[in-house]
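Chain and residue survey
Given next are the chains, with one letter for each unit.
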Amino acid sequence: MDISFKNTKLEKEFNEGKILERVHGILRAKKIRIRLKELRAASTLYDFWPPYKGPSRCHELTGGKKYQLSVDLDHPYRLIFEPNHSPIPLKPDKGLDWKQVTAILIIGVENTHE
């Protein structure tokens, strides 16, 4: 899967180990690297189907964050991303078509429980 970042600052943060560890700590930085490696290795987002399965627990977010997804890092933090397609691939019921998502945009790391 192709991975892009919402801005150059975030891209630099995620691609330079020392910065990533300074900003997020060693444990979370390690989890971020693992999740990025998993996402890059996937052909499509459907490789993470069904939602909430496996150590990454990939799933769509709710509450006004339509078509944004997350994968687990260290609890309660998650890596937030969205499909990087125009238009976003949708199924006939207007849900996200995970089989068609081949590119994502990393938004950041959040505690989604706040």
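So, a few notes on the structure that sits alongside this text.

So, how was this worked out
- Residues numbered from 1 in each chain as written.
- Predicted model: local features only at pLDDT ≥ 70, side-chain atom pairs only at ≥ 80, totals over all residues.
- Heavy atoms only, no water.
- Helix = DSSP H or I, 4+ residues; strand = E, 2+ residues; numbered from the N terminus.
- Rg over C-alpha atoms; globule rule 2.2 N^0.38 Å.
- Buried < 20%, exposed > 50% of the residue type's maximum accessible area, 1.4 Å probe, protein only.
- Contact = heavy atoms within 4.5 Å.
- Lys, Arg positive; Asp, Glu negative; His and termini not counted.
- Charge placed at Lys NZ, Arg CZ, Asp CG, Glu CD.
- Pairing = 2+ DSSP bridges.
- Phe/Tyr/Trp six-rings, centres within 6.5 Å; stacked < 30°, edge-to-face > 60°.
- Lys NZ or Arg CZ within 6 Å of the ring centre and 35° of its normal.

Digging into the overall build of the protein
Check the secondary structure of the protein and you find two helices and five strands. For the protein, the sequential pattern of α-helices and β-strands runs β-α-α-β-β-β-β. A globule of 114 residues ought to have a C-alpha radius of gyration of about 13 Å, and the protein, at 14 Å, matches this closely. Taken over 114 residues, the protein has a buried fraction of 43%. For the protein, the share of sequence-separated contacts (at least 6 apart) that also reach a separation of at least 24 residues comes to 52%. The positive charge centre, built from 20 side chains, and the negative charge centre, built from 15, are 3 Å apart in the protein.

Quick word on the sheet that holds strand 1 (residues 2-5)
If you walk across this open sheet you meet the five strands as 1-5-4-3-2, and the pairing is mixed. One side of each edge strand has no neighbouring strand; the edge strands of this open sheet are strand 1 and strand 2 (59-60). Note: strand 4 (residues 77-83) against strand 5 (residues 103-111), seven bridges, orientation antiparallel. Looking at strand 5, one finds that Tyr-77 is bridged to Asn-111.

Structural notes on the environment of Thr-112
Structurally, the position occupied by Thr-112 is in the segment after strand 5. Thr-112 sits in the partly exposed class, given a relative accessible area of 25%. Note: C-alpha distance between Thr-112 and Gly-54 (58 residues apart in sequence) is 19 Å. Apart from the residues lying within four places of it in its own chain, the contact partners of Thr-112 are Pro-76, Arg-78 and Ile-80.

Some details on the environment of Val-101
Checked against the element boundaries, Val-101 lands in the loop between strand 4 and strand 5. Residue class for Val-101 comes out buried when judged on its relative accessible area of 0%. Sequence separation of Val-101 and Ile-26 is 75 residues, and the distance between their C-alpha atoms is 30 Å. The contact partners of Val-101, leaving out residues within four places of it in the chain, are Met-1, Ser-43, Thr-44, Leu-45, Pro-83, His-85, Pro-89 and Leu-96.

Some details on the packing of aromatic side chains
Applying the stated criterion across every chain, the model contains three aromatic pairs. Ring plane angle 15° and centroid distance 5.9 Å describe the contact between Tyr-46 and Trp-49, whose orientation is recorded as stacked. Look at Trp-49 and you get partly exposed, because its relative accessible area is 36%. On the basis of an interplanar angle of 85° and a centroid distance of 5.0 Å, the ring pair of Trp-49 and Trp-98 is categorised as edge-to-face. One end of the pair, Trp-49, is in the loop between helix 2 (17-41) and strand 2; the other, Trp-98, is in the loop between strand 4 and strand 5, and 49 residues separate them in sequence. In textbook terms, an aromatic cluster arises when at least three aromatic residues are bridged by ring pairs, as seen for Tyr-46, Trp-49 and Trp-98. Positioned over the ring face of Tyr-77 is Arg-28, at 3.7 Å from the centre of the ring. Across from the ring centre of Tyr-46, 4.9 Å away, lies the NZ or CZ of Lys-99, which sits over that ring.

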